[in-house]
Amino acid sequence: MISSPYKRARQSIEPLALRLNLEIENDHRLTERVLSSENLPDWFEKLKATFTDMDLTFEGGESSRAAMKRIVEVTEEVFQSDAINTVIVTHGNVISLLLKYYQKDVGFTDWCNLSNPDVFLLKYEKHKIICERIWGKRW
């Protein structure tokens, strides 16, 4: 189990970790994306724009491409490991960017339709990654 170090992420997975008697590894690359260090009254529209322009950044913020890169790094490390199953716990914007990496048509509307919690199964099959939603609202 690998989790964002943010309290709400760890609290989401702790019951399962306790039940399975597994350790939770913190990974800073799984933290939520910071859109901006400034208060953006129109943050919703600004976030939407970052799904179209993956390199768009705002003051003190992180681009979609940069956030995508770090979550993909974690995921690819897991796929290359000897682990049979791994749970990765992160946050909505980062999840949507991970899904977008593997399914190019994922976009802002899909982010809007995420539930809390939401669970996706990613499998490596026939030289490609298959993403399947197994818990949460349907797209």
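In this report, we go over the structure that sits alongside the text.

Calculation notes
Residues numbered from 1 in each chain as written. Predicted model: local features only at pLDDT ≥ 70, side-chain atom pairs only at ≥ 80, totals over all residues. Heavy atoms only, no water. Helix = DSSP H or I, 4+ residues; strand = E, 2+ residues; numbered from the N terminus. Expected span 1.5 Å × (residues − 1). Bend = angle between axes of the 7 residues up to and from the residue. Buried < 20%, exposed > 50% of the residue type's maximum accessible area, 1.4 Å probe, protein only. Contact = heavy atoms within 4.5 Å. Pairing = 2+ DSSP bridges. Core = buried A, V, L, I, M, F, W, Y, C linked by side-chain atoms within 4.5 Å.

### Looking at helix H1 (residues 7-20)
Thinking step 1. With 14 residues, H1 extends 20 Å between its outermost C-alpha atoms, agreeing within 8% with the 20 Å of an ideal straight helix rising 1.5 Å per residue.
Thinking step 2. Ile-13 marks the point of greatest bend in H1, at about 40 degrees, and the proline Pro-15 comes within the next four residues.
Thinking step 3. Along H1, the residues classified as buried are Ala-9, Ile-13 and Ala-17.

### Side note on the side chain of Ser-4
Thinking step 1. Residue position: Ser-4 is located in the loop between strand S1 (2-3) and H1.
Thinking step 2. Under the relative-accessibility criterion, Ser-4 is labelled buried at 0%.
Thinking step 3. Excluding anything up to four places from it in sequence, Ser-4 contacts Ala-9, Arg-10, Asn-26, Asp-27, Leu-30, Thr-31, Val-89, Thr-90 and His-91.

### Let's talk about the pairing of strand S4 (residues 119-125)
Thinking step 1. As judged from the seven bridges shared by S4 and strand S5 (residues 128-135), these two strands associate in the antiparallel manner. Considered in S5, the bridge of Leu-121 is made with Glu-132.
Thinking step 2. The turn joining S4 and S5, which pair antiparallel and follow one another in sequence, is formed by two residues; a positive phi near 50 degrees is taken by Lys-126.

### A look at the nonpolar core
Thinking step 1. Residues Leu-99, Tyr-102 and Leu-122 are the most contacted members of the largest nonpolar core, which totals 28 residues.
Thinking step 2. Put simply, the parts of the chain that give this core at least two residues each are helix H2 (43-52), helix H3 (64-80), helix H4 (92-102), helix H5 (108-112), S4 and S5.
Thinking step 3. Ignoring any residue separated from it by four or fewer positions in sequence, one finds Leu-122 in contact with Thr-75, Phe-79, Leu-98, Leu-99, Tyr-102, Ile-129, Ile-130 and Cys-131.
Thinking step 4. Membership of the second largest hydrophobic core comes to six residues, among which are Ala-9, Ile-13, Ile-24 and Val-89.

Keep in mind these values describe shape, not function.
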